[in-house]
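Spelled out, the chains give:
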Amino acid sequence: FVDITQQKDAELALLESQSLLRSTMENSPDYVGMLDLDGRVLFVNRTPPHLTEKDMVGTIFYGHVPAEFRDAIRECFRRVIETGRADQFESE
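Here goes a summary of the coordinates provided. (Residues numbered from 1 in each chain as written. Predicted model: local features only at pLDDT ≥ 70, side-chain atom pairs only at ≥ 80, totals over all residues. Heavy atoms only, no water.)

**Some details on the pairing of strand β2 (residues 41-44)**
Alright, step 1. Of the pairings in the sheet, the one linking strand β1 (residues 33-35) to β2 comprises three bridges and is antiparallel in character. Residue Gly 33 lies in a different strand from β2, and its bridge partner there is Val 44.
Alright, step 2. With antiparallel pairing between neighbouring strands as the criterion, β1 and β2 make up a hairpin whose turn holds five residues, including Gly 39 at a positive phi of roughly 85°. (Pairing = 2+ DSSP bridges. Helix = DSSP H or I, 4+ residues; strand = E, 2+ residues; numbered from the N terminus.)

So this is what it looks like as structure tokens:
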């Protein structure tokens, strides 16, 4: 027999943490997204009016950004990867 109590407790804590993160992100008034290291969209809390979440998840984020902002957004993403800290980009 193997006691898996600690494993089950850890799994429950992870599920609760993920639920809290998703709820926080979904209820943010700002656009919040999560990308993989290649810039592929893993999660978005909201989309531009002409797109759905299904249209964006799995695609490369930069393809959804107006050309004049792509370099600034790529630079922001680079800083996040290099520093491991959150960053932001604002536009109108």
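**A short note on the side chain of Ser 28**
Alright, step 1. With respect to the element layout, Ser 28 can be found in the loop between α1 (5-26) and β1.
Alright, step 2. Classification of Ser 28 as buried rests on a relative accessible area of 15%.
Alright, step 3. Apart from residues lying up to four places away in sequence, Ser 28 is in contact with Asn 45 and Arg 46. (Buried < 20%, exposed > 50% of the residue type's maximum accessible area, 1.4 Å probe, protein only. Contact = heavy atoms within 4.5 Å.)

**Topic: the packing of aromatic side chains**
Alright, step 1. Scanning the model with the defined rule gives two aromatic pairs in all.
Alright, step 2. Measuring from ring centre to ring centre gives 6.1 Å for Phe 61 and Tyr 62, while their planes differ by 70°; the resulting arrangement is edge-to-face.
Alright, step 3. Of the residues examined, Phe 61 reaches a relative accessible area of 22% and is grouped as partly exposed.
Alright, step 4. Relative to Phe 77, the ring of Tyr 62 has its centre 6.2 Å away and its plane inclined at 70°; by these criteria the two rings are edge-to-face. Of this pair, Tyr 62 sits in the loop between α2 (53-56) and α3 (67-83) while Phe 77 sits in helix α3; the two residues are 15 residues apart in sequence, bridging distant segments of the chain.
Alright, step 5. Residue Phe 77 is classed as buried on the basis of its relative accessible area of 16%.
Alright, step 6. Grouping aromatic residues by their ring pairs yields a cluster made of Phe 61, Tyr 62 and Phe 77.
Alright, step 7. Its guanidinium or amino end placed over the ring of Tyr 62, Arg 74 lies 4.5 Å from that ring's centre, counting from NZ or CZ. (Phe/Tyr/Trp six-rings, centres within 6.5 Å; stacked < 30°, edge-to-face > 60°. Lys NZ or Arg CZ within 6 Å of the ring centre and 35° of its normal.)

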